[in-house]
Amino acid sequence: MNILKTQVHTIFMFIGPSGSGKSVFAKNVLIPGLDKPMDVKTNYKPNIQYISSDDVRKEILGHDFDKFASVMTECSEQAFDLIFTKLELITSYPVNAEYVILDTTGLSEEFRNKVLEIGQKNNYNVDAIIFDYKKINEYTKNFENEDNQGAVTPRKIIASHTKRLHNEVMRTIKRDKYRHTTRIKAKDFVIENEDGTLTSNMQINVWDADRYEQRILSDEYQWVSIGDIHGCFDELQELFEKLG
């Protein structure tokens with residue numbers, strides 16, 4: 001079983017053509033691997049934010065359009081403005097989500113740099129997960145029977161994305177900008193069970209999760225933070241007496 005190593009306060013940036021199975025990976029591998037049940041003592045449960053560019057487009061268009069519909073591409077500027085705004089909000093105090101998953105193609109260098117900029121500003125790690133399959137049919141096999149309803153078919157879009165991945169992204173991506181870089185070479189990260197459900201074929205290792213959770217203060221007590229008292233000794237004594 002493959003292991004994906006990461007840590008708390010991470011933005012996961014997916015990079016790969018349409019048809020890579022990025023949404024399947026997010027919902028059946030990454031989110032279940034990061035999630036934990038509510039800790040009633042500390043009232044803690046990891047905040048896992050999933051942002052899909054397709055979902056954002058459908059939200060602002062007000063309709064569940066096919067992902068390859070031309071109108072979905074036409075609203076990209078507005079969709080990504082909303083994505084960046086949401087990313088800023090959920091990585092800032094007091095939200096500071098433990099994990100953020102960006103389900104987009106990630107093929108644009110401008111997009112990747114903007115995500116890195118937000119991550120650096122808000123003290124988040126950025127992990128790149130690259131869906132780079134050796135065989136083109138790994139991307140297109142779910143669209144083999146698509147009707148040609150226009151000049152641009154799913155196969156043509158995927159072929160264009162794959163070309164950009166190999167000619168632009170893989171040649172220019174600077175891996176040292178990312179905390180971790182994971183390259184997925186085949187669509188074998190889930191196993192389909194007899195009942196049609198999917199089981200993850202990858203283990204998610206959050207190496208600092210236990211240490212992070214141990215630092216969360218219990219709701220059973222009232223906590224007071226005291227900084228530098230700047231010589232205010234009498235006031236400090238009064239505060240101690242007041243608090244008991």
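The following refers to the structure shown.

Criteria and thresholds
- Residues numbered from 1 in each chain as written.
- Predicted model: local features only at pLDDT ≥ 70, side-chain atom pairs only at ≥ 80, totals over all residues.
- Heavy atoms only, no water.
- Helix = DSSP H or I, 4+ residues; strand = E, 2+ residues; numbered from the N terminus.
- Buried < 20%, exposed > 50% of the residue type's maximum accessible area, 1.4 Å probe, protein only.
- Contact = heavy atoms within 4.5 Å.
- Lys, Arg positive; Asp, Glu negative; His and termini not counted.
- Charge placed at Lys NZ, Arg CZ, Asp CG, Glu CD.
- Pairing = 2+ DSSP bridges.
- Axes fitted to C-alpha atoms, helices over the stretch in contact; angles between N-to-C directions.
- Parallel < 35°, antiparallel > 145°, perpendicular 65-115°, else oblique.
- Left-handed = near helix turned anticlockwise from the far one by under 90°.
- Nonpolar A, V, L, I, M, F, W, Y, C, P; charged D, E, K, R; others polar.

Bringing the overall build of the protein into the picture now. Helices and strands together make up the secondary structure of the protein, namely 9 helices and 9 strands. The C-alpha extent of the protein, read off along each of the three principal axes, is 80 × 40 × 40 Å. The burial tally for the protein puts 40% of its 244 residues in the buried class. Long-range pairs, those at least 24 residues apart, make up 74% of the contacts in the protein between residues at least 6 apart in sequence. Between the mean site of the 31 positive side-chain charges and the mean site of the 38 negative ones, the protein shows a separation of 9 Å.

Bringing the side chain of S53 into the picture now. Counting through the fold element by element, S53 comes out in helix α2 (residues 53–61). A residue is classified by how much of its surface remains accessible, and S53, at 5% relative accessible area, is buried. Setting aside anything within four residues of it in sequence, one finds S53 in contact with F80, I83, D103 and T104.

The subject of this paragraph is the pairing of strand β6 (residues 181–184). The two faces of β6 differ: T182 and I184 on one face are buried, but T181 and R183 on the other face are not. Taken together, the 4 bridges between strand β5 (residues 125–131) and β6 define a ladder with parallel strand orientation. Counterpart to A128 in the pairing with β6 is T181.

One way to put it is that α2 packs onto helix α4 (residues 76–90) with a least axis distance of 9 Å and a crossing angle of 110 degrees. Here α4 runs roughly perpendicular to α2, going by the angle between their axes. You can see that α2 and α4 cross each other, and the crossing is right-handed. Residues S53, V56, R57 and I60 of α2 lie in contact with α4, whose contacting residues are S76, Q78, A79, F80, L82 and I83. Within the contact of α2 with α4, the residues separate by chemical class into 6 nonpolar, 3 polar and 1 charged.

Let us look at the sheet that holds strand β3 (residues 48–52). Within a sheet, adjacent strands bond to each other through the backbone by hydrogen bonds, running parallel or antiparallel. Judged by pairing direction, the sheet is parallel, and its 5 strands sit side by side in the order β3-β4-β2-β5-β6 without closing on themselves. One side of each edge strand has no neighbouring strand; the edge strands of this open sheet are β3 and β6. Averaged over all pairs of adjacent strands, the angle between strand axes in this sheet comes to 15 degrees, irrespective of strand direction. Pairing of β3 with strand β4 (residues 99–103), which is carried by 5 bridges, proceeds in the parallel orientation. Paired with I51 across the bridge in β4 is L102.

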